[in-house]
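An overview of the molecular structure
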Amino acid sequence: MSTDTAVKRLNWGCGGEGVAGWINADLKEGPGIDVTGDIRDGLPLESDSIDYVVSIHALPEIHYTELVDVMRELRRVLKAGGTLRISVPNIDRAIDAYRRGDREFFAIPDEDALSMGAKFVTHLVWYGYTRSLFTKDSMEELLRKAGFDTIHHCRFQWTESEHDEIVALDDREGESLFVEAVK
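Just so you know, these numbers come straight off a predicted model, no measurement behind them.

**Points about the sheet that holds strand β6 (residues 150-154)**
If you trace the seven strands from one edge of the open sheet to the other, you get β3-β2-β1-β4-β5-β7-β6, paired in mixed fashion. At either margin of the open sheet sits one strand with a lone partner, and together these are β3 (35-36) and β6. Pairing between strand β2 (residues 23-26) and β3: two bridges, direction parallel. Each residue of the ladder has a partner; that of Ala25, found in β3, is Val35. Here helix α1 (residues 67-77) sits on the sheet and contacts β1 (9-12), β4 (50-56) and β5 (78-89); the angle it forms with β5, its principal contact strand, is near 140°.

Set out below in structure tokens:
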């Protein structure tokens, strides 16, 4: 009898293409995407089957009223002791950049938004994709509502998890908030 001891890791909201070595899930089909569908309909993955889940800037596309259910679904697929790593745009950093007039913070070309206020607003709504905004305490509250008790605020490329490679998908260091929650 053989047992599968390989670490199973889910990249939820992977975007246009998947990353090798991950179970890649997204709303739309694309190269390397293993699971296509809306998380709000449930993931076609067994409960307690994933060692860790990473989501980079996908959660803002979920409507505020659906966030807890989405977090519960990600928690459902995690093994006991598994870690969920979430990266979202950090609204506090965006506000600070706006207040100090830091145009370089906002990755919005001048042809899309010229004034500082227009860059700030376009950044917040990200061309209409953003449906939810996050701060450290709002993210922590969301995760607690979803059933997570152990929550860590992390830095870019830094983890509390036993899986060092959980940070492999980290990007957007300057604009992101990183949080880990353990099932």
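**A closer look at the side chain of Glu175**
In this structure, Glu175 sits in the loop between β6 and β7 (176-182). Summary of buried charges: Glu175 has no salt-bridge partner, and the nearest side chain of opposite charge, Arg172, is 4.4 Å away. Those residues in contact with Glu175 that sit more than four places away from it in its chain are His57, Val88, Pro89, Asn90, Arg93, Phe105 and His123.

**Quick word on helix α3 (residues 116-125)**
Every buried residue of α3 is listed here: Met116, Lys119, Phe120, Thr122, His123 and Leu124. Positive phi shows up at Trp126, right after α3, with a value of about 35°.

**Looking at the packing of α1 against helix α4 (residues 136-145)**
Close contact between α1 and α4 brings their axes to 8 Å; oriented N to C, the two are set at 60°. On the basis of the axis angle, α1 is oblique to α4. When the axes of α1 and α4 are compared, the crossing they make is right-handed. In this structure, α1 contributes Leu67, Val68, Met71 and Arg72 to the contact, and α4 contributes Leu142, Leu143 and Lys145. Class assignment of the residues belonging to the contact of α1 with α4 gives a composition of five nonpolar, no polar and two charged.

**Here we look at the packing of aromatic side chains**
The geometry of an aromatic ring pair comes down to the distance between the two centres and the angle between the two planes. Tallying each qualifying case throughout the model produces six aromatic pairs. Seen in terms of ring centroids, Phe105 and Phe106 are 5.0 Å apart; in terms of plane orientation they differ by 80°. Their pairing is edge-to-face. Three or more aromatic residues joined by ring pairs form one cluster here, namely Tyr98, Phe105, Phe106 and Phe120. Sitting above the plane of the Phe148 ring, Arg75 keeps its charged end 5.7 Å from the centroid. Above the ring of Trp158, the side-chain terminus of Arg155 is found at 4.8 Å from the ring centroid.

**A closer look at the packing of helix α2 (residues 91-100) against α3**
Where α2 meets α3, the closest approach of the two axes is 10 Å, and the angle between their N-to-C directions is 175°. By the angle class used here, α2 and α3 are roughly antiparallel. On α3, the residues that touch Ile91, Ala94, Ile95, Ala97 and Tyr98 of α2 are Met116, Gly117, Phe120, His123 and Leu124. Grouping the amino acids of the contact of α2 with α3 by side-chain chemistry returns eight nonpolar, two polar and no charged.

**Let's talk about the pattern of salt bridges**
Going through the model one piece at a time under the given rule, you end up with 13 salt bridges. Note that Lys79 and Asp51 form a salt bridge whose closest N and O atoms lie 3.3 Å from each other. Here Lys79 is found in strand β5, whereas its partner Asp51 is found in strand β4, with 28 residues between them in sequence. On the basis of relative accessibility, which here comes to 30%, the residue Lys79 falls in the partly exposed class.

**Some words on the side chain of Ser55**
With respect to the helices and strands, Ser55 occurs in strand β4. Under the relative-accessibility criterion, Ser55 is labelled buried at 0%. The contacts of Ser55, once residues within four sequence positions are left out, are Trp12, Arg85, Ile86 and Ser87.

Definitions and cut-offs
Per chain, the residues get numbers from 1 upward, laid out in the order the sequence is written. Where local features are concerned, this predicted model is filtered to residues with pLDDT of at least 70; where side-chain atom pairs are given and counted, the filter is 80 or more; whole-chain, interface and lining totals use all residues. Calculation of side-chain values draws on the structure's entire complement of heavy atoms; hydrogens and water are dropped beforehand. Criterion used throughout: strands pair if DSSP finds at least two bridges between them. Counting from the N terminus, the helices are DSSP H or I runs at least four residues long and the strands are E runs at least two residues long. Whether two residues are in contact is decided by their heavy atoms, any of which lying within 4.5 Å being enough. Only the stretch in contact is used when fitting a helix axis, every axis being a line fitted to C-alpha atoms; angles between N-to-C directions are given from 0 to 180 degrees. For every residue, the accessible area obtained with a 1.4 Å probe (protein chains only) is divided by the maximum for its type, and the residue is called buried under 20%, exposed over 50%, and partly exposed between those limits. For the charge count, each Lys or Arg is scored as positive and each Asp or Glu as negative, with His and the chain ends excluded. The term salt bridge refers to a pairing of a side-chain nitrogen on Lys or Arg with a carboxyl oxygen on Asp or Glu at a separation within 4 Å. Any angle between 65 and 115 degrees counts as roughly perpendicular, while under 35 counts as roughly parallel, over 145 as roughly antiparallel, and the rest as oblique. Throughout, a crossing is termed right-handed when the near helix is turned clockwise from the far one, and left-handed when it is turned anticlockwise from it by less than a right angle. Side-chain classes follow a simple rule in which Ala, Val, Leu, Ile, Met, Phe, Trp, Tyr, Cys and Pro form the nonpolar group, Asp, Glu, Lys and Arg form the charged group, and the remainder, Gly included, forms the polar group. Only centres within 6.5 Å qualify two rings of Phe, Tyr or Trp (six-membered ring in Trp) as a pair; their planes then separate them into stacked at under 30 degrees, edge-to-face at over 60, and tilted for everything else. The rule for a charge over a ring is simple: NZ of Lys or CZ of Arg within 6 Å of the ring centre, and within 35 degrees of the ring normal.

Taken by themselves, the reported measurements are silent on function.
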